[in-house]
Amino acid sequence: PPNGFIEVTKENEEALVSPHFRLKQFVCKQNGGYPKYVVLQERLLVKLELILERMNARGFSSTTFHVMSGYRTPYYNKLIGNGRYSRHLWGGAADIFIDENPQDEMMDDLNHDGAIDRRDADVLADIIEELFQEPEYESLKGGLGRYKKKGTRGPFVHVDVRGSRTRW
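Note that the structure is predicted; figures quoted are calculated from it, not measured.

Draft legend 1. The nonpolar core, seen in detail. Core analysis: the largest hydrophobic core is formed by 42 residues, its most contacted members being F65 and L124. The contacts of L124, once residues within four sequence positions are left out, are I51, M55, F65, I96, F97, M107, L110 and V157.

Encoded structure:
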């Protein structure tokens, strides 16, 4: 089991865990009341901050990422059909997208083609890929996955800090 569970309550869920991310963004989406618990690796927060900084430098103005999925309990991870060794179970992964204009829990049209689809996830993923080719970020290497729109859920990008380069 992962070390470092953080208790999340109504009183502390708005707490900043880094300059642009709040504790509640990483809580498992599993139904249930408070308190909740989360595991969150600091390296993931560093990676997300670097990605956000690069996105803003490229003209994609965003105050944070929408974290569609951060930490997951083993029960919830199994319920949604994810793998037994998902990096989400250890607080080292986040499924993210930019949701600024409008804020509607859907990826923004990053490539400005009038459609919200995998090509928007590709814009985000390509910038992430480029950023982590830089040698100074070797310690933050990990997984990068691109996901298309499916049902009511929009496209998104998975990032993690597993320690080895993996792509899908």
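Draft legend 2. Region of interest: the environment of F21. You can see F21 is positioned in strand 3 (residues 21-22). Placed 122 residues apart in sequence, F21 and G143 show a C-alpha to C-alpha distance of 20 Å. Once residues lying within four places of it in the same chain are set aside, the contact partners of F21 are A15, L16, F26, L45, L48, E49, L52, T64, F65 and V67.

Draft legend 3. Region of interest: helix 1 (residues 42-57). Between its first and last C-alpha atoms helix 1 spans 23 Å; for 16 residues at 1.5 Å apiece the expected length is 22 Å, and the two agree. Along helix 1, the positions that sit buried rather than exposed are L44, L45, K47, L48, E49, L50, I51, L52, R54 and M55. Looking at the buried side of helix 1, the elements it contacts are strand 2 (16-18), strand 3, strand 6 (93-97), helix 3 (118-131), strand 7 (143-147) and strand 8 (156-160). Just downstream of helix 1 lies G59, where phi reads positive at about 95°.

Draft legend 4. Just the packing of aromatic side chains, in detail. Counted by the stated rule, this structure contains 5 aromatic pairs. Ring pairs connect the aromatic residues F21, F26 and F65, which therefore count as one cluster. The ring of Y34 carries the charged tip of K36 above its face, separated from the ring centre by 5.4 Å. The cationic tip of K47 hangs over the ring face of F132; the distance from NZ or CZ to the ring centre is 4.8 Å.

Thresholds, definitions, all that
- Residues numbered from 1 in each chain as written.
- Predicted model: local features only at pLDDT ≥ 70, side-chain atom pairs only at ≥ 80, totals over all residues.
- Heavy atoms only, no water.
- Core = buried A, V, L, I, M, F, W, Y, C linked by side-chain atoms within 4.5 Å.
- Buried < 20%, exposed > 50% of the residue type's maximum accessible area, 1.4 Å probe, protein only.
- Contact = heavy atoms within 4.5 Å.
- Helix = DSSP H or I, 4+ residues; strand = E, 2+ residues; numbered from the N terminus.
- Expected span 1.5 Å × (residues − 1).
- Phe/Tyr/Trp six-rings, centres within 6.5 Å; stacked < 30°, edge-to-face > 60°.
- Lys NZ or Arg CZ within 6 Å of the ring centre and 35° of its normal.

Spatial relationships are all this shows, so hold off on functional conclusions.
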